[in-house]
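Results of the structural survey
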Amino acid sequence: MLNRRGLPHALACALALGVAILGCGPAPSTSPAVAATPGVTAGPIGPASAPPVTLAPLPTAADTGSAGTPPCELADLKASHGLVEGAAGSRLTEVVLVSAATCSIDAYPALGLRDADGAALLSGPAIGPGGIDLVPGVANVSQVRLSNWCAPVPEFPLVLEIIVGVAELPVTGGSFPDEGDVPPCNGDGGPILEGSAWMQQP
């Protein structure tokens with residue numbers, strides 16, 4: 001049987017089927033070809049690496065004071081304490097430090113305690129880092145605390161000292177603590193002697 005164009009019906013159907021199959025195939029790619037560069041190997045692209053983080057060291061007495069300020073000499077310093085008070089198992093007093101020259105000192109005092117015969121009873125290291133500059137004639141104040149005295153009662157009067165380098169500055173004002181008034185023993189660990197950071201008196 002012939003169709004209108006004179007082709008056999010079976011042949012016309014085969015041609016129509018071939019055109020349909022070609023029409024349903026994938027569309028030709030329109031992306032430009034990427035030329036490979038000799039000697040270069042492509043790899044996965046990840047996020048950019050963050051720069052390393054460097055932590056700053058804790059300040060010390062040497063790098064916190066003003067540059068070029070000399071350390072304090074014992075002969076330039078005077079220290080005294082006020083009334084001794086008791087609170088929550090501790091003995092407290094206020095220490096006033098004055099310098100006759102511009103010099104640098106630890107921001108927190110290192111303290112010591114001696115008995116009436118001059119024998120060392122204990123020492124308390126500075127409880128914080130850093131340093132400060134002292135101005136001539138300007139008073140600086142630290143709050144001092146003694147607690148947890150579990151040793152025998154020492155020979156009074158006791159002398160409080162500020163440790164400056166390898167030297168010791170006696171704190172005047174009488175015995176600290178008062179005669180026979182050591183703080184109670186509250187547990188293990190031994191006595192505690194510490195002072196707050198020096199603050200300029202207004």
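Predicted model only: the values in this text are computed from it and were never measured. (Residues numbered from 1 in each chain as written. Predicted model: local features only at pLDDT ≥ 70, side-chain atom pairs only at ≥ 80, totals over all residues. Heavy atoms only, no water.)

**Regarding the pairing of strand E1 (residues 77–81)**
Burial of the side chains of E1 is restricted to one face: Leu77, Ala79 and His81 are buried, whereas none of Lys78 and Ser80 on the reverse face is. With five bridges connecting them, E1 and strand E3 (residues 90–99) associate as antiparallel partners. Looking at the pairing, Lys78 lines up with Val98 of E3. (Buried < 20%, exposed > 50% of the residue type's maximum accessible area, 1.4 Å probe, protein only. Helix = DSSP H or I, 4+ residues; strand = E, 2+ residues; numbered from the N terminus. Pairing = 2+ DSSP bridges.)

**A short note on the sheet that holds strand E9 (residues 159–164)**
Pairing is antiparallel across the open sheet formed by four strands, whose spatial order is E6-E5-E9-E10. Two strands close off the open sheet at either side, each with one partner strand: strand E6 (120–124) and strand E10 (167–170). Adjacent strand axes in the sheet meet at a mean angle of 30°, parallel and antiparallel pairs treated alike. Where E9 lies against E10, four bridges are found, and the strand directions are antiparallel. Pairing of Ile162 across the sheet is with Leu169, part of E10. (Axes fitted to C-alpha atoms, helices over the stretch in contact; angles between N-to-C directions.)

**Observations concerning the environment of Asp181**
Mapped onto the elements, Asp181 comes out in the loop between E10 and strand E11 (192–195). It is 9.6 Å that separates the C-alpha atoms of Asp181 and Phe156, two residues lying 25 residues apart in sequence.

**What to know about the confidence of the model for the protein chain**
Of the residues in the protein chain, 67% have a pLDDT of 70 or more, and the chain-wide mean is 78. Low pLDDT, under 50, characterises residues 1–64; the predicted model gives this stretch 16 contacts beyond four residues in sequence or across chains. (pLDDT = per-residue confidence, 0-100. Contact = heavy atoms within 4.5 Å.)

**Observations regarding the nonpolar core**
Ranked by internal contacts, the top residues of the largest apolar core, which has 26 residues, are Leu97, Leu113, Leu160, Ile162 and Leu193. At the level of secondary structure, the elements contributing two or more residues to this core comprise E1, E3, strand E4 (103–106), strand E5 (110–114), strand E8 (140–147) and E9. Of the residues forming this core, the biggest block, three residues, is contributed by E9. Beyond its immediate chain neighbours, meaning those up to four positions away, Leu160 contacts Val95, Leu111, Gly112, Leu113, Val144, Leu169, Pro170, Val171, Phe176 and Leu193. (Core = buried A, V, L, I, M, F, W, Y, C linked by side-chain atoms within 4.5 Å.)

**Let's talk about the pattern of salt bridges**
Under the counting rule described, the total for this entry stands at four salt bridges. Ionic pairing is found between Asp181 and Arg91, a salt bridge with its closest N-O pair at 3.1 Å. Within this pair, whereas Asp181 is found in the loop between E10 and E11, its partner Arg91 is found in strand E3, the two being separated by 90 residues in sequence. Among the residues examined, Asp181 registers a relative accessible area of 29% and is labelled partly exposed. Its salt-bridge partner being Glu168, residue Arg114 comes within 3.0 Å of it at the nearest N-O pair. One end of the pair, Arg114, is in strand E5; the other, Glu168, is in strand E10, with 54 residues separating them in the sequence. What makes Arg114 partly exposed here is its relative accessible area of 22%. Accessibility expressed as a relative area gives 33% for Glu168, which makes it partly exposed. Taken together, the salt bridges that share partners define one network made up of Arg114, Glu161 and Glu168. (Salt bridge = Lys/Arg side-chain N within 4 Å of Asp/Glu carboxyl O.)

**What to know about unusual backbone geometry**
Phe156 connects to Pro157 through a cis peptide bond whose omega is 5°. Within the secondary structure, Pro157 sits in the loop between E8 and E9. A cis amide bond links Phe176 with the next residue in sequence, Pro177, at an omega value of -5°. A positive phi is found at Ala88, a non-glycine position, where the angle reads about 50°. Tracing the backbone through its elements, the reader meets Ala88 in the loop between strand E2 (85–87) and E3. Since its relative accessible area comes to 83%, Ala88 is described here as exposed. Not every positive phi belongs to a glycine, and Asn148 is a case in point at roughly 55°.

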